[in-house]
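Coordinate analysis (summary)
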Amino acid sequence: MFIVYLFLILGLWLLFLVGVIWFLGIFTCRYSAWWNETNRIQAYIEISNPRLARLLIPRYIGYHNYMSTNIPLLYNRYFVNQYPARLSLLGLVDYCITAILAVWYGVCITAYFWLGWYDNPMIPLTVILFMIHAAIFFFLNGWNARINRDKIEVISRSEMVKRKREKK
């Protein structure tokens, strides 16, 4: 019974740790990492390691033609990143702030689950800071990213899957 309880706590800890950091941190970072020549902030960093570039910068950003949704399963069109190795300055700042918040949140949530610090006031404060961070960078990314749809290649979902298979 103790092992089941231990795995349950481990699963909840991972859910709260990874879920919050992914949805309120890394998800927004990947959108602000994309650089193109029509951005208002023209600074970028060239990443020479292709694995790191693939991890930090999305190659495709999806959308739906007929309805506005943020559910990736419903996307039917994708913009193709013309510069998959260029990390925008806004994306770099976003990743740095997310890393700081993620480390602090990781320490707080670990102390909550494994050390029994149940009255830790920093957990809700850190989640609120993550939400504020996500909102600020969502609007900054919207302000910065001016996508010229004539210059950016748009492909369908099946074409994207085909290209991903060819690269492997």
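Each remark here, short or long, concerns the structure printed above.
Residues numbered from 1 in each chain as written. Predicted model: local features only at pLDDT ≥ 70, side-chain atom pairs only at ≥ 80, totals over all residues. Heavy atoms only, no water.

1. As for the sheet that holds strand S3 (residues 77-80)
Spatially, S2-S3-S5 is the arrangement adopted by the 3 strands of the open sheet, whose pairing is antiparallel. Either end of the sheet is taken by a strand with one partner, and the two such strands are strand S2 (60-63) and strand S5 (154-156). Within this sheet the neighbouring strands show an average axis-to-axis angle of 35°, counted without direction. Contacts from helix H5 (residues 157-167) reach S2, S3 and S5 within the one sheet, and its direction differs from that of S5 by about 90°. (Pairing = 2+ DSSP bridges. Helix = DSSP H or I, 4+ residues; strand = E, 2+ residues; numbered from the N terminus. Axes fitted to C-alpha atoms, helices over the stretch in contact; angles between N-to-C directions. Contact = heavy atoms within 4.5 Å.)

2. Brief notes about the environment of Ile21
With respect to the secondary-structure elements, Ile21 resides in helix H1 (residues 2-32). On the accessibility criterion, Ile21 (13% relative accessible area) is buried. As for Ile21 and Pro84, which are separated by 63 residues in sequence, their C-alpha atoms are 23 Å apart. Setting aside residues up to four positions removed in sequence, Ile21 forms contacts with Ile26, Ala102, Tyr105 and Phe130. (Buried < 20%, exposed > 50% of the residue type's maximum accessible area, 1.4 Å probe, protein only.)

3. Considerations on helix H3 (residues 89-114)
Along its 26 residues, H3 runs 37 Å from first to last C-alpha, staying within 8% of the 38 Å computed at 1.5 Å per residue. Downstream of H3 by a residue or two, Gly116 has a phi angle that is positive, lying close to 75°. (Expected span 1.5 Å × (residues − 1).)

4. Brief notes about the nonpolar core
The biggest cluster of nonpolar side chains holds 15 residues, and the ones touching the most others in it are Val20, Ile21, Tyr105, Ile109 and Phe130. Elements represented by at least two residues in this core include exactly H1, H3 and helix H4 (122-144). Not counting chain neighbours up to four residues away, the residues in contact with Tyr105 comprise Phe16, Leu17, Val20, Ile21, Ile123, Thr126, Val127 and Phe130. Cys29, Ala33, Leu56 and Ile57 belong to the second largest nonpolar core, which has 8 residues in total. (Core = buried A, V, L, I, M, F, W, Y, C linked by side-chain atoms within 4.5 Å.)

5. Quick look at H1
Helix length check: H1, at 31 residues, gives a terminal C-alpha distance of 44 Å against a target of 45 Å (1.5 Å per residue), a fit within 8%. Listing the buried residues of H1 in full gives Ile9, Trp13, Leu17, Val20, Ile21, Leu24, Gly25, Thr28, Cys29 and Ser32. Packing partners of the buried residues in H1 comprise strand S4 (86-88), H3 and H4.

6. Some remarks on the pairing of S3
Where S2 and S3 come together, 4 bridges link them in antiparallel fashion. Paired with Tyr60 across the strands is Val80, a residue of S3. Examined bridge by bridge, S3 and S5 share 3 bridges and lie antiparallel to one another. Within S5, the residue paired with Tyr78 across the bridge is Ile155.

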